Amino acid sequence: MQPAPIPTDRNTDIVSSVVATMRQLGVLGLPRNYEIFYEALTGSNRELSLAVVSLSNRPTQDDLDRIGRTFFPQHHGPAIVEHARDAIARELEDVAALLRSERTHVEKYGRILDETSSGLSNRSLLSQELLHKITTAMSAATHSTLDHNRQVATTLSEKTAELESVKSKLEEYKRLADTDPLTQLWNRRAFDKEITRIYNSNRGILFNALILADIDHFKDINDRYGHPVGDKILQIIAEIFQSSVRPDMFVARTGGEEFALIIEGASGDATYEIAERIRALIEQTPFTSSQTGMNYGTVTISMGICMASEAENAEDLYSKADRALYRSKVGGRNRVTRHSAMASRPGKGWLLYKKD
């Protein structure tokens, strides 16, 4: 399959190209299909693009749903979990049948031992021929039991490996469901869970801080250069965030052009220095097209900080960091503001995923 090429005119709406390609291939106009072709045609996910290109000229909905489950598991969660549940049920039933068979075999071997013991206890009936029969029967029963045990051990090992595979797939699904597909950072769902955990212990309250960041004038960037350019800028900024903090620190993309960092083990001054360093790196980064050499100009971000100890709970922490971010915005953008250095202002709600 060869998708229709995206027009290079930056004023052309990417939506038109996606819709035209889907119509050309006879793809149903479902939201999940649109998401696949949008990501594929913008080139923001190379593996997804290759998967779409490998489809036939008339891809089936099953083909597209397989791609969707791989690259957008957050939209296919119930089906993935149901499939895993069925696989686990089948494997457990096989193990139960195997254990029932083992029980039957052990009971049979026990009866042979009882009969042999009874024969040996009656010395008046013992003869060389009877002893030969008893030893032959015992040898055969023992060999059969050993062979059966080896088969059971092998089968149980195979079933264990299959269950581990299902477990691994579920863990991978969980990771992907909490990952932003464009930037590969944690997503808003994962962020809501992580910020809540801060207030589960006194240590979390004492040693954590929240930084919220928002790209300045990002809508203007998308309107002027198109969404593919905007997506590339998001990816570059995400890399800067990720590389500017320790690997164990939590970095998420929480909205279109919004990011969040949960900083652990740093003082208020140290947290401010981290935010300021990231802000300066983004301001100094050249945003140009590797293909055309076009310079998209300077990109900046505004940031707001709140220490966990300055808030009563996760919602209050987000609200106060958001107020600090707002102050950076109205104060001229491209700056970092601490909540502790400003007066209270109304913020916005934080928890989008109260229920999993």
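Since the model is a prediction, treat every value here as computed from it, not as a measurement.

Looking now at the sheet that holds strand 5 (residues 336–338). One key point about sheets: their strands pair by backbone hydrogen bonds, in either a parallel or an antiparallel sense. Spatially, the five strands line up as an open sheet ordered 2-3-1-4-5, and their pairing is mixed. Among the strands making up the open sheet, the edge pair consists of strand 2 (250–253) and strand 5. When strand polarity is set aside, the average angle formed by the axes of neighbouring strands in this sheet is 15°. Pairing geometry for strand 1 (residues 208–215) and strand 4 (residues 301–307), over seven bridges, is antiparallel. The partner of A213 across the bridge, within strand 4, is M303. Sheet strands in contact with helix 7 (residues 188–197) are strand 1, strand 2 and strand 3 (258–264), and its direction is about 140° off that of strand 2.

Mapping T196 onto the fold places it in helix 7. We classify T196 as partly exposed; its relative accessible area is 36%.

This part covers the nonpolar core. If you look at the biggest cluster of nonpolar residues, it comprises 35 residues, and the most contacted ones within it are I237, F241, F259, I263, I278 and M303. Put simply, the parts of the chain that give this core at least two residues each are strand 1, helix 9 (218–225), helix 10 (227–243), strand 3, helix 11 (268–284) and strand 4. Per element, the largest residue contribution to this core is seven residues, and it comes from helix 10. Beyond its immediate stretch of four places on either side in the chain, I237 contacts I215, F259, I282, F287 and V299.

Direction vectors running N to C along helix 2 (residues 31–42) and helix 4 (residues 61–71) enclose 65°, while the axes themselves pass 10 Å from each other. Classed by the angle they form, the pair helix 2 and helix 4 counts as roughly perpendicular. Where helix 2 crosses over helix 4, the two elements pack in a sense that is left-handed. Where helix 2 approaches helix 4, its residues R32, N33, I36 and F37 are matched on the opposing element by Q61, L64, D65, I67 and G68. Split by residue class, the contact of helix 2 with helix 4 holds four nonpolar, three polar and two charged.

Scanning all chains against the criterion turns up 14 salt bridges. The shortest N-O distance in the salt bridge between K329 and D216 comes to 2.8 Å. On the criterion of sequence distance, the pair formed by K329 in helix 12 (residues 314–330) and D216 in the loop between strand 1 and helix 9 is long-range, its members being 113 residues apart. The pair K329 / D216 is uniform in exposure class, with both members buried. Connected via shared salt-bridge partners are D178, R189 and K193.

Along the chain, S289 falls in the loop between helix 11 and strand 4. Taking the relative accessible area as the measure of exposure, S289 reaches 13% and is therefore buried. Residues contacting S289, with those up to four places away along its chain left out, are M294 and Y296.

About the criteria used
- Residues numbered from 1 in each chain as written.
- Predicted model: local features only at pLDDT ≥ 70, side-chain atom pairs only at ≥ 80, totals over all residues.
- Heavy atoms only, no water.
- Pairing = 2+ DSSP bridges.
- Helix = DSSP H or I, 4+ residues; strand = E, 2+ residues; numbered from the N terminus.
- Axes fitted to C-alpha atoms, helices over the stretch in contact; angles between N-to-C directions.
- Contact = heavy atoms within 4.5 Å.
- Buried < 20%, exposed > 50% of the residue type's maximum accessible area, 1.4 Å probe, protein only.
- Core = buried A, V, L, I, M, F, W, Y, C linked by side-chain atoms within 4.5 Å.
- Parallel < 35°, antiparallel > 145°, perpendicular 65-115°, else oblique.
- Left-handed = near helix turned anticlockwise from the far one by under 90°.
- Nonpolar A, V, L, I, M, F, W, Y, C, P; charged D, E, K, R; others polar.
- Salt bridge = Lys/Arg side-chain N within 4 Å of Asp/Glu carboxyl O.

Worth remembering: the numbers are spatial, not functional.
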